[in-house]
Amino acid sequence: MAFVVSSGELATTGAGVTPGWAPPALRAAPWEYAEIWRRQPQVRTVIGFLSRNIASIGIHTFRRLSDTDRERLQDHPFAQILASPMARLTQYRFIERLVADIALYDDAYGIKVTVGDRRCILPVPPTLIHPTGGNWLAPDHYQTPGGRQFGPDEVVHIHGYTPGNLVSGSSPIDSLRDLLLEAREAAKNRAAMWKSGARTTGVLVRPAEAPDWTPTDKRRFREMWRGFTDGGGAEGGTPILEDGMEYKAVGFNPEQAQYIESRKLTREEVSAAYYIPPPLIGILDHATYSNIKEQHAHLYQDTLGPWLVMLEQEFVAQILPDLPGDNTGVYCEFNIQSKMRGSFEEQAAAASTATGGPWMTRNEMRGRNNLPAVPGGDELIVPLNVTEGGLASPRDTAPKQRPQTRTKSSRPAGLDTAAAERDALSVALVRWTERKARTLLTAAGAKADTPIPDLLALWADGREDRLAQLTALLADHGYRLAQIGAWDVLDDWNPEADGWSADVLLAWVLAAAEHHAEQHDQAATDAIGAVQSAGGDQWREGLQSATAGWVTAAAVRATTASTELRSFGGHDAAGASNLTRKIWRTGGTNPRASHKALNGEQVDLDDVFGNGLRWPGDGSGETKELVNCKCSLDYAKEG
């Protein structure tokens with residue numbers, strides 16, 4: 001006998017069967033998952049990446065007519081309910097919530113409701129509904145906090161895998177809880193350190209031969225010391241110790257704690273739990289962006305592909321059977337083709353080859369460009385060299401071109417020298433910084449006799465616009481600097497630029513621009529925050545001094561960013577040119593000692609130098625190794 005006979009009740013095969021021999025899994029409560037999502041930026045980034053990308057694809061409904069033919073359905077109830085699951089709920093928001101719930105809880109719920117004559121799906125947060133009763137095969141019903149019970153056929157329940165039953169999923173967050181808790185405690189430790197005036201925990205040691213303190217002396221010193229901690233007014237300053245006292249740090253300092261590395265590791269672990277390659281969520285340590293097209297295909301095939309298949313099948317299994325009409329052969333499919341299409345030139349060439357002739361009328365093309373139709377523009381213009389049943393493509397009769405010697409490529413005419421472009425970035429960034437500083441001073445009333453306003457609130461207003469402007473400015477100059485660095489290498493090693501294109505630099509340059517924009521804006525925030533904390537009647541002078549320092553820092557930022565962007569461009573071109581070695585060349589009139597010691601050091605192209613950097617200005621390195629660096633790289637081939 002091939003199948004178990006269940007007397008028509010499949011659920012009875014699980015009656016009385018419980019996993020009592022196994023220890024119950026200690027899962028987080030539903031509200032704990034939500035709190036983790038709110039407080040852990042790495043979790044929010046990864047889940048947001050999944051939900052937003054899947055929701056943006058769009059889903060269509062079809063009827064299968066034969067193995068080679070299908071029909072697009074737009075008026076079918078299945079298509080309508082997927083297009084608008086509820087009044088004022090778009091398909092994007094519906095899919096986004098489902099995917100986010102599954103990613104966070106490994107469970108997503110929707111209640112099937114009828115509003116008038118319209119069938120709808122009401123998404124329900126997993127914190128407000130849960131399966132109750134039944135057995136490991138199926139629940140008896142679904143319970144809501146208000147006491148309402150819904151039968152299994154009234155609820156759309158999409159869940160993942162859990163070892164113990166077929167009723168619910170097991171969230172990836174459960175396997176990440178210890179790691180996320182560690183990251184949370186590290187963040188709390190870091191916040192406590194900054195609240196204490198950026199001082200690590202330590203003790204004061206007073207020599208045994210020091211004179212005795214009176215109660216008044218002890219109280220005076222204690223009050224003085226408190227002034228350099230949270231709320232004392234002198235945070236970050238330097239206290240004066242008495243009687244030969246020494247301060248000895250206890251615990252890790254920020255460098256030993258490796259805060260940046262630990263945050264990056266947390267994001268990598270979270271992305272691995274959701275099977276997302278790190279470069280897709282902004283971890284660019286080992287990315288060159290020479291294979292952008294391959295990564296794009298990988299995203300929609302291997303990363304998001306399993307999600308799309310799962311959702312398509314769940315919709316058909318749980319929603320379609322309850323809809324009226326003829327549902328024979330009806331199914332849904334995400335429109336992934338729209339994301340996988342090539343450039344317009346590639347699509348046009350493929351369409352022309354596939355159809356054997358022109359495939360658009362003049363009016364169709366004018367409509368795409370928002371131009372009015374013209375008389376006679378609805379007819380296909382077929383060239384005389386294309387005949388039905390004859391040539392497969394208009395290009396078939398094109399005269400064969402004689403083999404030509406490829407002309408030597410060269411640096412684009414619009415590119416200046418590295419020094420000139422660095423100076424141009426410095427001027428532009430300083431001017432932009434000066435304008436924003438003046439705007440803040442005006443808003444704060446720094447020239448009027450007014451009490452100190454909430455400076456941080458004034459600065460926070462318009463932050464998104466500032467960052468957008470700053471990113472655009474840095475990306476514009478950065479793209480040219482990266483190309484300059486690339487052509488410095490190509491001119492010597494690969495003049496025809498074989499295997500290299502400037503387009504591969506764009507994504508990395510934009511990421512670097514966003515990084516520098518965040519850092520530059522944060523520098524202003526820190527300086528303004530210090531003025532706000534100090535308060536007093538001299539706040540106007542303090543604010544003017546802080547903004548002046550920020551303007552000065554803009555020139556340093558320009559030099560640092562220029563070195564990084566130029567170095568990256570050269571490194572990318574070296575990889576495309578099959579170079580295998582890189583040599584550090586120390587630059588500038590007064591280089592730091594660590595860079596001076598590196599002069600002439602040679603390593604493999606994919607290795608790091610003795611200071612931990614891949615190239616001068618490498619943003620993944622320590623800040624002390626990057627600021628105002630003017631070093632460069634040379635390259636070589638082994639053998």
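Just above, that's the structure.
About the criteria used
- Residues numbered from 1 in each chain as written.
- Predicted model: local features only at pLDDT ≥ 70, side-chain atom pairs only at ≥ 80, totals over all residues.
- Heavy atoms only, no water.
- Core = buried A, V, L, I, M, F, W, Y, C linked by side-chain atoms within 4.5 Å.
- Buried < 20%, exposed > 50% of the residue type's maximum accessible area, 1.4 Å probe, protein only.
- Helix = DSSP H or I, 4+ residues; strand = E, 2+ residues; numbered from the N terminus.
- Contact = heavy atoms within 4.5 Å.
- Disulfide = S-S within 2.5 Å.
- Pairing = 2+ DSSP bridges.
- Patch = residues over 30% accessible without salt bridge, like charges linked within 9 Å, V, L, I, M, F, W, Y side chains within 5 Å.
- Areas by Shrake-Rupley, 256 points an atom, 1.4 Å probe, with all protein chains shown as cover.
- Salt bridge = Lys/Arg side-chain N within 4 Å of Asp/Glu carboxyl O.

A. Broad picture of the nonpolar core. Ranked by size, the top nonpolar core spans 62 residues in total, and within it L455, W500, L505, L543, L565, W584 and Y635 carry the most contacts. Contributing elements (two or more residues each) for this core: α14 (418–444), α15 (455–460), α16 (463–493), α17 (506–534), α18 (539–576) and β14 (632–636). When residues of this core are assigned to their parent elements, the largest contribution, 13 residues, is made by α18. Once residues lying within four places of it in the same chain are set aside, the contact partners of L543 are L440, L441, A444, L455, I528 and V531. M86, A108, C120 and V270 belong to the second-largest nonpolar core, a separate cluster that totals 51 residues.

B. Examining the state of the cysteines more closely. In this structure the tally under the stated criterion is zero disulfides. Looking at the unpaired C629, the closest cysteine sulfur is the one in C631, lying at 3.8 Å.

C. The arrangement of the pairing of strand β11 (residues 330–334) in detail. With four of its five residues buried, β11 lies for the most part within the structure. Inspection of the sheet shows strand β1 (residues 59–66) paired to β11 by five bridges, in the antiparallel sense. Bridge pairing links I59 to F334 in β11.

D. Layout of the environment of E96. Turning to its location among the elements, E96 is positioned in helix α4 (residues 91–105). Owing to a relative accessible area of 18%, E96 belongs among the buried residues under this scheme. Residues E96 and I47 lie 49 residues apart in sequence; the distance between their C-alpha atoms is 9.8 Å. Once residues lying within four places of it in the same chain are set aside, the contact partners of E96 are S51, R52 and A55.

E. The arrangement of a nonpolar patch on the surface in detail. Taken together, the side chains of L204, L241 and Y247 make up a nonpolar region of the molecular surface, amounting to roughly 210 Å² of accessible area. Within the element layout of this structure, Y247 appears in strand β10 (residues 246–249).

In short, the description is geometric, and any link to function would need to be established separately.
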